[in-house]
Amino acid sequence: MRSLTLAACLLAFLPGLAAAQTVMVEQPWARATPGHAGTGAVYLTLTEHGEADMLTGASTPVAGMAMLHETITENGVAKMRMLDSVALPPHTPVTFKPGAMHVMLTGLHDPLKAGSSFPLTLTFAHGAPVTVTVSVLPAGSAGPGAPAGQEMPAGQEMKDMPGMKMD
Ligand SMILES: [Cu+2]
């Protein structure tokens, strides 16, 4: 995990690439998906170390589609809405996490299994695309490095699961 992140950072700063990429992607992870859920969500932290950029999309071979989503709560009801892009101001970490922004995966070809990993390619308005390796954590996980005591109760994670209303 740590070495992968480091490698991604080093690559991002290698000079002389056709299209420079100065965004750092840290700790991409997803929760294992139950049964034949068909949908999942990826969380990660992006930090733009160059000029301001925008995340404009994502794709992965494990799902039919990957979309930028945000979970918002309106009148006590959690909903997801699609984002066309996510602004990446210089030197400001932008975190995708449960209950907030996430990369929604729909049309999963197979369930995401804890302990496995898969590639996710992120595209940007200015920088070159970046492919990262997403680690699949257990279904109740609150994220990489989160103390076990902070795992979300089983009901909580359903907020990112199918059946939610979409605007
Ligand atoms: Cu979503």
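For the structure given in this document, a descriptive report is provided here. (Residues numbered from 1 in each chain as written. Predicted model: local features only at pLDDT ≥ 70, side-chain atom pairs only at ≥ 80, totals over all residues. Heavy atoms only, no water.)

Next up on the list: the overall build of the protein. From N to C terminus, the protein includes two helices and ten strands. Reading the protein from its N terminus to its C terminus gives the helix and strand order α-β-β-β-β-β-β-β-β-β-β-α. When each of the 167 residues of the protein is scored for burial, the buried share is 41%. Within the protein, residue pairs in contact and separated by at least 24 positions form 67% of the contacts whose partners lie at least 6 positions apart. Carbon and sulfur atoms provide 60% of the accessible area of the protein, an area that totals close to 8,600 Å². (Helix = DSSP H or I, 4+ residues; strand = E, 2+ residues; numbered from the N terminus. Buried < 20%, exposed > 50% of the residue type's maximum accessible area, 1.4 Å probe, protein only. Contact = heavy atoms within 4.5 Å. Areas by Shrake-Rupley, 256 points an atom, 1.4 Å probe, with all protein chains shown as cover.)

For a metal with four tetrahedral donors the ideal donor-metal-donor angle is 109.5 degrees, while six octahedral donors give ideal angles of 90 or 180 degrees. Within the first shell, the copper ion binds the protein through His69 (ND1), Met80 (SD), His102 (NE2) and Met104 (SD), at distances of 2.1 Å. Geometry at the copper ion is tetrahedral, judged from the four donor atoms that bind it and their angles of 96 to 117° at the metal. Read in sequence order, the donor residues coordinating the copper ion give the pattern H-x10-M-x21-H-x1-M. Within this pair, whereas His69 is found in strand E4 (residues 63–74), its partner Met104 is found in strand E8 (residues 101–108), the two being separated by 35 residues in sequence. The same class applies to His69 and to Met104, which are both buried. (Donors = N, O, S within 2.8 Å, 3.2 Å for Na, K, Ca; no water. Tetrahedral: all angles 85-135°; square planar, octahedral: opposite > 155°, others 65-115°.)

On to the packing of aromatic side chains, then. Enumeration over the complete set of coordinates arrives at one aromatic pair. Aromatic side chains Trp29 and Tyr43 sit 4.8 Å apart centroid to centroid with 45° between the ring planes, which places their arrangement in the tilted category. Linking Trp29 in strand E1 (residues 23–31) with Tyr43 in strand E2 (residues 39–48), this pair joins segments that are 14 residues apart in sequence. Residue Tyr43 is classed as buried on the basis of its relative accessible area of 1%. (Phe/Tyr/Trp six-rings, centres within 6.5 Å; stacked < 30°, edge-to-face > 60°.)

Right, let's get into the pattern of salt bridges. Per the stated rule, a full pass over the model turns up two salt bridges. Here Glu70 makes a salt bridge to Arg81, at a shortest N to O gap of 2.9 Å. With Glu70 in strand E4 and Arg81 in strand E5 (residues 77–82), this pair connects stretches of sequence that are eleven residues apart. Residue Glu70 is classed as partly exposed on the basis of its relative accessible area, which comes to 21%. Given the relative accessible area of 35%, Arg81 is considered partly exposed. Here Lys79 and Glu74 are joined by a salt bridge, their closest N and O atoms 2.9 Å apart. A relative accessible area of 13% means that Lys79 is categorised as buried. On the accessibility criterion, Glu74 (36% relative accessible area) is partly exposed. (Salt bridge = Lys/Arg side-chain N within 4 Å of Asp/Glu carboxyl O.)

Turning our eyes to something else, we now look at the pairing of E2. Counting buried positions along E2 yields ten of ten residues, so the element is predominantly enclosed. Across six bridges, E1 lies against E2 in antiparallel orientation. Bridge pairing in E2 places Ala30 opposite Val42. Of the pairings in the sheet, the one linking E2 to E8 comprises four bridges and is antiparallel in character. Bridging from a neighbouring strand, Thr39 pairs with Thr106 of E8. Bridge count for E2 against strand E7 (residues 94–96) is three bridges, and the pairing is antiparallel. (Pairing = 2+ DSSP bridges.)

Moving on: the nonpolar core. Counting residues in each nonpolar core, the largest one holds 30 residues, and the members touching the most others are Leu105 and Leu120. Aside from chain neighbours lying at most four places away, what touches Leu120 is Val42, Leu44, Ala58, Ser59, Thr60, Val103, Leu105, Val130, Thr131, Val132 and Val134. (Core = buried A, V, L, I, M, F, W, Y, C linked by side-chain atoms within 4.5 Å.)

Fair warning: the whole summary comes from geometry, so function is off the table for now.
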